[in-house]
Amino acid sequence: MAALAGERVLLGVSGGIAAYKAADLVRRLRDAGAEVQVVMTAGAQRFVTPLTFQALSGRPVRTSLWDDAAEAAMGHIELARWATRILVAPASADLVARLAQGRADDLLTTLCLASEAPLALAPAMNRVMWANPATQANVQVLRDRGAAILGPGRGDQACGEVGDGRMLEPLQLVDALAALRAPGALSGRRLLVSAGPTYEDLDPVRYLGNRSSGKMGFALAGEAAAMGADVTLVAGPVALATPDGVTRIDVRSAAQMREAVLGALAGQDAYLGAAAIADYRPAQRQPGKIKKQASSIALDLVRTADVLREVATHPARPACVLGFAAETQDLDALAQAKLTDKNLDLIAANDVSRPGLGFEGDRNALTVFSASRRWTLGPGGKDEVARGLLGIVADFLDARR
Ligand code: CTP
């Protein structure tokens, strides 16, 4: 089935050079099965003509609250009810600011205010405008109200600068939109999530750990609970609050992580292995503090069990087993190899060599593979990326039902 079959997408286009990419987006949304109604702001019409969008969407473009003929055909409140989703792409800094204030000073902002459809925004602006605390605060307000912020991406900008602020590519936006699911998409499902690092003790005061913050796994657990799932979170040592409605089991070492995960496995619909579990542990934990004596010492390390692999081959294997892969090169090939090798249903790969994304930060970007498909999620906040990933898991489980 097409990814957006049956969806009625109200596509808001605001004033920015990325408006030209929104023309291709209309085609991609329609290819994915959606009906598309375009609404343009006055600024957008300075970049692209409504006629372009009319030809591509097959519907007259709406541009004004005060257009008698258009209002007679479908009033703005009716249009707000018609939409099953609103996507604003590009979302300019000005539009983001107006939405954050709850303004209704043109047709697009009025529709966003008057609609109960989930709102997704694809910001596009100069990198300094994006990084400005005013814009970041506005984005946070919208996020807190439940809007999905898709991107922005990083790269060359039309203004000649390089940085964060590029609108995501049309196909990335279609994937992200398809992956966003309404609350309740996971109701009745049981999900087991592992998160955070593990600490392997060397002696009573020292350990081997890693830089995982646990934020991605916690975001998955929290968003899954918000989508109606019954969630158990096995957490390594992290200083993060337990998301609402989530049952948490705290562990420290890889061995404890394994025991907790396998102990909670029965009856789960999915296992999401977001934890950065140590691959090696010290062969022995010294009972007393290791004293400094020799000029160098060697650590004797032994392999730990691969929890993900054990889950995927366990008699109580959940219907969906998702692993993560942190890679610094050949992301697609290595992730796909892990998918088959570990007998997984889905693998979410992140390129940990990209600055600001992945391990310790609040943002992430993932490339997700099943045996037959590839999706890209983000770059975006870990909550948004988590919601996207859970949409893919929800679809996978629905298809299995
Ligand atoms: N994982 C696990 N148990 C381990 C190590 C890793 O369950 N002892 C899981 C992680 O939770 C993650 C996945 O394996 O879902 C991928 O971890 P990654 O380090 O990227 O890959 P590895 O398979 O460990 O391979 P390599 O380190 O060689 O890339």
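Residues numbered from 1 in each chain as written. Predicted model: local features only at pLDDT ≥ 70, side-chain atom pairs only at ≥ 80, totals over all residues. Heavy atoms only, no water.

As enumerated under the stated definition, the model contains one cavity of 30 Å³ or more in all. Quantified by volume, the largest cavity comes out at close to 90 Å³. Considering the residues around the largest cavity, the lining is formed by 13 residues, among which Leu-150, Ala-176, Gly-378, Glu-384 and Val-385 are closest to the centre. For the lining of the largest cavity, the elements supplying multiple residues, two or more each, are strand S19 (374-381) and helix H15 (382-400). With four residues, the top contributor of residues to the lining of the largest cavity is S19. Taken together, the residues that form the lining of the largest cavity break down as eight nonpolar, four polar and one charged. Counting contributing residues per domain, the lining of the largest cavity is built from domain 1 (8-181) and domain 2 (190-400), each supplying no fewer than three. (1 Å grid on protein atoms, 1.4 Å probe; cavity = no way out; pocket = protein on both sides within 12 Å on 5 of 7 lines; lining within 4 Å. Points joined across faces, edges and corners; volume = space filled by probe spheres on them. Helix = DSSP H or I, 4+ residues; strand = E, 2+ residues; numbered from the N terminus. Nonpolar A, V, L, I, M, F, W, Y, C, P; charged D, E, K, R; others polar. Domains from an automatic or database assignment.)

Moving on to the domain arrangement of the chain. By the assigned domains, the chain splits into domain 1 (8-181) and domain 2 (190-400). The C-alpha centroid of domain 2 is placed 34 Å from the C-alpha centroid of domain 1. Facing the 15 residues of domain 1 at the interface are 17 residues of domain 2. Of the roughly 1,200 Å² buried between domain 1 and domain 2 on both sides combined, carbon and sulfur atoms contribute 45%. Linking domain 1 to domain 2 there are two salt bridges. A salt bridge links Glu-384 to Arg-143, with the shortest nitrogen-to-oxygen separation between them at 2.9 Å. One can count four residue pairs in polar contact (both at pLDDT 80 or more) joining domain 1 with domain 2. Each residue belonging to the side of domain 1 that touches domain 2 can be placed in one class, and the counts come to eight nonpolar, four polar and three charged. (Contact = heavy atoms within 4.5 Å. Buried area = accessible area lost by both parts, 1.4 Å probe. Salt bridge = Lys/Arg side-chain N within 4 Å of Asp/Glu carboxyl O. Polar contact = N/O pair within 3.5 Å; in protein donor to acceptor, adjacent residues only side chain to side chain.)

In this section: the side chain of Arg-98. Along the chain, Arg-98 falls in helix H6 (residues 93-100). Among the polar contacts listed, one links the side chain of Arg-98 to the side chain of Asp-105, at a separation of 2.7 Å.

What follows covers the packing of helix H1 (residues 19-31) against helix H10 (residues 170-179). Following both chains from N to C, one finds H1 and H10 inclined at 45°, their axes separated by 9 Å at the closest point. In this view, H1 runs oblique relative to H10, as classed from their interaxial angle. The two elements H1 and H10 meet at a crossing, and its hand is right-handed. Contacts from Lys-21, Asp-24, Leu-25, Arg-28 and Leu-29 of H1 reach H10 at Pro-170, Leu-171, Leu-173, Val-174 and Leu-177. Residues of the contact of H1 with H10, tallied by class, amount to seven nonpolar, no polar and three charged. (Axes fitted to C-alpha atoms, helices over the stretch in contact; angles between N-to-C directions. Parallel < 35°, antiparallel > 145°, perpendicular 65-115°, else oblique. Left-handed = near helix turned anticlockwise from the far one by under 90°.)

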